[in-house]
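Coordinate inspection notes
Below are the chains, spelled out letter by letter.
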Amino acid sequence: MRRMGGGVAVLFSAPVRHRNGDVDFDYRQGSDFHYLTGFPEPDCVLVLAPDRQEGRFVLFVRPRDKEKEIWTGRRAGVDGAKALFGADQAFEVSKLDEELPKILENAPRLHYRVGVDRDQDESVFRAVRKVRDKLRLGVSCPPVIQDPHVDLADMRLFKAPEELALLRRACEISCDAHREAIRDVRPGMHEFTLQGILEGHFRKNGARRNGYPCIIGAGDNATVLHYNENDSQVREGSLVLVDAGAELDFYTADITRTFPANGKFSPAQRKVYQLCLDAQKAGLEAVRAGNHFLAPHEAALAVLVDGFLDLGLLKGPREEVLEKETYKAYFMHKTSHWLGMDVHDVGDYKVSGEWRRLEPGMVLTVEPGIYISQDCETAAPEFRGIGVRIEDDVLVTSSACEVLSSSVPKEIDELEALRPRR
Ligand code: GLY
Ligand code: MN
Ligand code: MN
């Protein structure tokens, strides 16, 4: 509330998304809303008014309703919003039109993110119009509308100790699940069976959701960046790429490992894998407080480009590969993104036009990849159909960085040892 600099903030809970018939998609509260309230229900509105006598933290919530609660679950109601979630004041959400204009009267600014949802915009604008209609009575209407997400994103970018504890645990659960997948994969298995092993482990260990749909790509499927059909059979001799992260109490891991279906890398797979691993380690080395956000990408890219030239995947000169970005034939994404409540978490990547400096408390991924599709004509046949990504989650500290996902192996001999060939 200190960062608001006065005024009134209005935030809406995430909407329920209809799937079909009487079925909705699994509900997840919006990350900003959860961050501020911990309130898990839909159809709610949060109002923060730091200077308001009657209450600074106001929730508009669904009323208790015996009949509806039998069908669609329990509700905290107005009393629960105060008793269980610490609201200073709570109203039924149907009272928003009546109460919000009163709260907005004379506020120096309105903190509200316009353009997310038409109906939400309309209900806020209705309240603003009601206040404006009272100008002749000496009431002033907020002259400024400011996006609260900008400050919230900056707050969320720096993880508090309790957030870090959840991230660490989400990573730990995910690492254990990855180890299980590496050990249990067998040629002939479906990709979704491997998904079941990972998700079963997540759930058994307290993570009720994934942070994103699992990417389980065997063979050529590993060359599709956000592949999630996960319905092919794993073939003997293929590499399997698993990108999966457990979400624990709204904080998610984002981890990728690539390993051989039969427990042993082929010579071509070994070359591509080792190159990706060397690039990833170079990227991790560059995660240092004071370095800019793009430093890990630049470090990983330098290694990859040398490797692409060495393996004959690209032709030089090196400067031209970098300048014309021909490396994008095999490595088409960046190396890092922020990580937290959202897998691609909030936070500006540039400040005043410059890449942001890394600071203690930030968490980011380091995830170079090499993707050589089956129909790639520029690569030698032995390399076609190989996709590799190696992704770790890293906390920036004041000294060295801390890899939160280090307990799942990534060295070739470690991966082969984890799944001895029979
Ligand atoms: N799992 C999505 C990503 O790695 O960015
Ligand atoms: Mn990622
Ligand atoms: Mn990932």
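Going by the structure above, here's the rest.
The following refers to the structure shown.

About the thresholds
Residues numbered from 1 in each chain as written. Chains lettered and ligands numbered in written order. Predicted model: local features only at pLDDT ≥ 70, side-chain atom pairs only at ≥ 80, totals over all residues. Heavy atoms only, no water. Near = heavy atom within 4 Å. Polar contact = N/O pair within 3.5 Å; in protein donor to acceptor, adjacent residues only side chain to side chain. Areas by Shrake-Rupley, 256 points an atom, 1.4 Å probe, with all protein chains shown as cover. Nonpolar A, V, L, I, M, F, W, Y, C, P; charged D, E, K, R; others polar. 1 Å grid on protein atoms, 1.4 Å probe; cavity = no way out; pocket = protein on both sides within 12 Å on 5 of 7 lines; lining within 4 Å. Points joined across faces, edges and corners; volume = space filled by probe spheres on them. Helix = DSSP H or I, 4+ residues; strand = E, 2+ residues; numbered from the N terminus. Donors = N, O, S within 2.8 Å, 3.2 Å for Na, K, Ca; no water. Tetrahedral: all angles 85-135°; square planar, octahedral: opposite > 155°, others 65-115°. Salt bridge = Lys/Arg side-chain N within 4 Å of Asp/Glu carboxyl O. Buried < 20%, exposed > 50% of the residue type's maximum accessible area, 1.4 Å probe, protein only. Core = buried A, V, L, I, M, F, W, Y, C linked by side-chain atoms within 4.5 Å. Contact = heavy atoms within 4.5 Å. Pairing = 2+ DSSP bridges. Axes fitted to C-alpha atoms, helices over the stretch in contact; angles between N-to-C directions.

**As for the site of ligand 1**
Around ligand 1 lies a shell formed by Y212, D243, D254, H337, H344, E367 and E391. Side-chain polar atom of E367 to an oxygen atom of ligand 1: 3.0 Å apart, as the coordinates give it. The side chain of E391 places a nitrogen or oxygen atom 3.2 Å from an oxygen atom of ligand 1. Within the complex, the protein chains bury 92% of what would otherwise be the 200 Å² of accessible surface of ligand 1. Its residues assigned to classes, the shell around ligand 1 shows one nonpolar, two polar and four charged.

**Quick look at empty space enclosed by the protein**
Overall, the coordinates contain one cavity of 30 Å³ or more when judged by the stated rule. Computed from the structure, the largest cavity encloses a volume of approximately 30 Å³. Forming the boundary of the largest cavity are L96, D97, L100, P101, S123, R126, A127 and K130. Elements with a contribution of two residues or more to the lining of the largest cavity: helix 4 (96-104) and helix 5 (118-132). Residue composition of the lining of the largest cavity, by class: four nonpolar, one polar and three charged.

**Looking at the coordination of the manganese ion (ligand 2)**
Any two of four tetrahedral donors ideally make an angle of 109.5 degrees at the metal, while pairs among six octahedral donors ideally make 90 or 180 degrees. Only D254 (OD), H337 (NE2), E367 (OE) and E391 (OE) from the protein reach the manganese ion (ligand 2) as donors, at distances of 2.0 to 2.1 Å. Considering all six donor atoms around the manganese ion (ligand 2), angles at the metal cover 50 to 153° and the coordination shape is irregular. As a motif over one chain, the donors of the manganese ion (ligand 2) read D-x82-H-x29-E-x23-E. In this structure the manganese ion (ligand 3) is found 3.3 Å away from the manganese ion (ligand 2), and D254 serves as a bridging donor for the pair. Separated by 24 residues along the polypeptide, E367 in the loop between strand 17 (363-366) and strand 18 (369-372) and E391 in the loop between strand 19 (386-389) and strand 20 (392-395) bring together distant segments of the chain.

**As for the pattern of salt bridges**
One pass over the full model with this rule turns up 33 salt bridges. A salt bridge links K102 to E99, with the nearest nitrogen and oxygen atoms 3.3 Å apart. Of this pair, K102 and E99 are both found in helix 4, three residues apart, which corresponds to roughly one turn of the helix. Owing to a relative accessible area of 48%, K102 belongs among the partly exposed residues under this scheme.

**Things to note about the nonpolar core**
The biggest cluster of nonpolar side chains holds 69 residues, and the ones touching the most others in it are L194, V240, F308, Y330, I370 and I372. Ranked by residues supplied to this core, first place goes to helix 7 (residues 161-184) with nine residues. Once you skip the residues sitting within four places of it in the chain, Y330 turns out to touch F308, L313, L314, G369, I370, Y371, I372, C376, T378 and A379. The next biggest cluster of nonpolar side chains, apart from the first, holds 22 residues, and it includes A49, V58, L96 and V139.

**A few points about the sheet that holds strand 10 (residues 215-218)**
Taken in spatial order, the three strands of this open sheet run 10-11-14, and their pairing is antiparallel. Both outer strands of the open sheet, strand 10 and strand 14 (255-260), are each paired with one neighbouring strand and no more. Across the sheet, the mean angle from the axis of one strand to that of its neighbour is 10°, orientation sign disregarded. Relative to strand 14, strand 11 (residues 239-244) runs antiparallel, the two sharing six bridges. Bridge pairing links V242 to R257 in strand 14. Against the sheet, helix 7 makes contact with strand 11 and strand 14, and its axis sits at roughly 15° relative to strand 14, the strand it touches most. Of the strands in this sheet, strand 10, strand 11 and strand 14 touch helix 8 (residues 191-204), which is tilted by about 145° from strand 10.

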